[in-house]
Amino acid sequence: MELTGAEITIRCLQEEGVEYVFGYPGGAVLFIYDELFKQEAVKHVLVRHEQAAVHAADGYARSTEKVGVALVTSGPGVTNAVTGIATAYMDSIPMVVISGQVPTSFIGEDAFQEVDAVGITRPCVKHNFLVKDVKDLASTLKKAFYLAKSGRPGPVLVDIPKDISNMKTAFEYPSTVNIRSYHPQVAGDANLIKQAAQMLLEAKRPMVYAGGGVILSDAAKQLTELVRLIDSPCTNTLMGLGGYPASDKQSVGMLGMHGTYEANMGMQNCDVLLAVGARFDDRVIGNVAHFNSVPRKIIHLDIDPASISKRVKVDVPLVGDVGNVLTDLIKVLKSSKQKPEDRKDWWKQIAEWRSANSLNYKNSSEIIKPQFVIETLHKITHGDAFITSDVGQHQMWAAQYYKFDKPRRWINSGGLGTMGFGLPAAMGVQLAHPGETVACVTGEGSIQMNIQELSTCKQFNLPIKVIALNNRYLGMVRQWQEFFHGNRYSQSYMDALPDFVKLAEAYGHVGILVEKPSDVEGALKEAFARKDELVFLDFRTDSTENVYPMVPGGKGLSEVILAEDL
Amino acid sequence: MRHIISLLMANEAGALSRVSGLFSARGYNIESLTVAPTEDATLSRMTIVTSGSDEVIEQINKQLNKLVDVVSVMDLSDGDHIERELMLVKVRAEGADREELKRMSDIFRGNVIDVSDKTYTIELTGAGSKLDSFLHAIDRKLILETVRTGASGIGRGDRILKI
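Residues numbered from 1 in each chain as written. Chains lettered and ligands numbered in written order. Predicted model: local features only at pLDDT ≥ 70, side-chain atom pairs only at ≥ 80, totals over all residues. Heavy atoms only, no water.

Caption draft 1: Inspection of the overall build of chain A at higher detail. Within chain A, the secondary structure is distributed over 22 helices and 20 strands. C-alpha extents for chain A along the principal axes are approximately 70 × 60 × 40 Å. Contacts in chain A between residues at least 24 apart in sequence constitute 77% of all its contacts with a sequence separation of at least 6. For chain A, the accessible surface area stands at approximately 21700 Å², while carbon and sulfur atoms represent 50% of it. (Helix = DSSP H or I, 4+ residues; strand = E, 2+ residues; numbered from the N terminus. Contact = heavy atoms within 4.5 Å. Areas by Shrake-Rupley, 256 points an atom, 1.4 Å probe, with all protein chains shown as cover.)

This is the structure we're talking about:
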């Protein structure tokens, strides 16, 4: 029997076991929406802006092991989706975005709602396709899902012209994919693994630096086993939080621009560094020359060979799937007769750095400190909630003070730093985990970048808790202006803010204004007790608070500013 | 340092823009880029002449390999290889110059492939430096137009880039 392109599209999604599609209809995808209407297996979540559709698919993917799926129309549908696609690309999130396109005969004629979707998304997708023949549709979608989730994951866009979605052909979903030019290396090199194991055993001051690759590869268990086996401190990147339990004694917390003193000093002063699923980016190691000024051996494990020796020269490159290679590395270490070097002095040094207590802050009984809100949030949710965040100071505080013990609980835009990510991402997370506690930590700036999604939350009964740290400033911008631009707060002040409580109510939710530190815990308790409702908590926080520690841009990891230095 | 990178990629719409887009997005140099289908119509062969530090060249190779359309990459500069470029030069060929230009063309083993009463069009093949030499050897004022293809390269002997 022959099926139309639209039917094939939906059948492919069913074959892939897609539970939710996040999208927004429009002219070029009408046939596909018509087919969605006729079935129930694939549920559609109608967002209020295409950017949110992609972020929601992204949040869904990050909190599960599945591929997120978004569906948008041509032209503005695609351009609105681009920020979401770039966000997913920077953080290597598996995702398939299906976009409508004008009919093939109109392509190139500047038709209504025409945009070169493949061209416009090319730099921010793992791969993309324009389907020009309905016979290629099923195999293209199969390839898209395969590419999205295999190797280094990433978003894949499939652009389907309207006429293709209405043409008929025989349908068969391919059971296998073969792309002759694409064979990601998943198994590690045995000799290099042995070499790495030896180095780790002989290290006097080892350090494990673990990134988002650990989460994406579902390798938290292996990482934890390895870190304990080699008796090393472990630091996590912003993307890697939860990959190693933050409450464990070997954890030194997050590293980087706003990392702990012990993590950054440990990175700088270790003699053997094992980087796992991380990419030495500028927010993590600061000034490369400064980082390289100290000798240390580097072992770098990553699925993407291009990540290795990109910014920092590596001594032992381990290309492969993080989980696979860690498993092999553990085997080699366990079979070795050699015991790790005595690390007493190293741990003593770490303890000394720890005693700087770099995340300490002065709480107040007068004004709400943002850090206090996050600490209380951790307490109330027993450290077990899914926390999404937007971008800025609140993001850093959430990363620093919500101690993530489990992977896939911390959902944030690390690479691209996309304001407006938090709320739609939380929708995807909540749909993926219906009974679970989901909170979106945000600011009054970020939340307004996708606040229309409160409407989607109402329609789909998503009881997300919005934790807005409202300091009336674009806080991170203000902080940089204070530090580096002579306190000239150029356009970082948010005037004429909406009444968020009334706004939440207008969307049919519950809003709570919290102005006193003594009300923080009670308000959070009340919010989380309302299990079936979205609660928007508007915390009026200290507008002068800064994120510490801070390694200023262009500086080295040991050139850190601590709160007490000021 | 100058490198000549050869690659095989899927002969598909947009494949070229993925490569050129990669170079511009990551700030790599392209001195020249040539591309045409191979004997296997599903594959194109591309030759890119670029320059950069060892680290940059390593990244270029890795990033090219990462493109889904790219089947195989070889840095020809890593070993013995042959490089050829085709140039078409239209020159003003009048009076005494006519004889002189023909003679120069012969010296450089060029062919005069089009003749008018005032012009010659000379076809020359060789390494880029040979083509440069020819342009330097003739009177600059006589050059009306030059068209160069950019380098194509191939490994010597058993160095083969094929799938």
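Caption draft 2: The packing of aromatic side chains, seen in detail. Residues and elements named next belong to chain A. With the rule as written, the count across this model stands at 19 aromatic pairs over all chains. Taking 5.3 Å as the distance between ring centres and 65° as the angle between the ring planes, the aromatic pair formed by Y473 and Y493 counts as edge-to-face. Linking Y473 in the loop between strand 18 (465-470) and helix 20 (475-484) with Y493 in the loop between helix 20 and helix 21 (500-506), this pair joins segments that are 20 residues apart in sequence. Looking at Y493, the relative accessible area reads 46%, which means it is partly exposed. Taken together through their ring pairs, the aromatic side chains of W480, F483, F484 and Y548 make up a single cluster. (Phe/Tyr/Trp six-rings, centres within 6.5 Å; stacked < 30°, edge-to-face > 60°. Buried < 20%, exposed > 50% of the residue type's maximum accessible area, 1.4 Å probe, protein only.)

Caption draft 3: Broad picture of the interface of chain B and chain A. Each partner contributes to the interface: chain B provides 17 residues, whereas chain A provides 19 residues. Here chain B and chain A share an interface that buries about 1500 Å² over both sides, 48% of which is from carbon and sulfur atoms. Here chain B is connected to chain A by three salt bridges. Here R180(A) makes a salt bridge to D40(B), at a shortest N to O gap of 3.9 Å. Viewed at the interface, chain A and chain B are joined by eight residue pairs in polar contact (both at pLDDT 80 or more). Listing elements by their share of the side of chain B that touches chain A, those giving two or more residues are helix 1 (15-25), helix 2 (54-66) and strand 4 (70-75) of chain B. It is helix 2 of chain B that contributes the most residues to the side of chain B that touches chain A, five residues altogether. Partitioned by chemical class, the residues of the side of chain B that touches chain A number six nonpolar, five polar and six charged. (Buried area = accessible area lost by both parts, 1.4 Å probe. Salt bridge = Lys/Arg side-chain N within 4 Å of Asp/Glu carboxyl O. Polar contact = N/O pair within 3.5 Å; in protein donor to acceptor, adjacent residues only side chain to side chain. Nonpolar A, V, L, I, M, F, W, Y, C, P; charged D, E, K, R; others polar.)

Caption draft 4: Local environment of the environment of V560(A). Residue and element names in this part refer to chain A. Mapped onto the fold, V560 is located in the segment after strand 20 (535-540). For V560, a relative accessible area of 14% puts it in the buried group. Sequence spacing of V560 and M257 is 303 residues, and the spatial spacing of their C-alpha atoms is 8.3 Å. When near neighbours in sequence (up to four residues on either side) are disregarded, V560 contacts Y261, P549, M550, V551 and D565.

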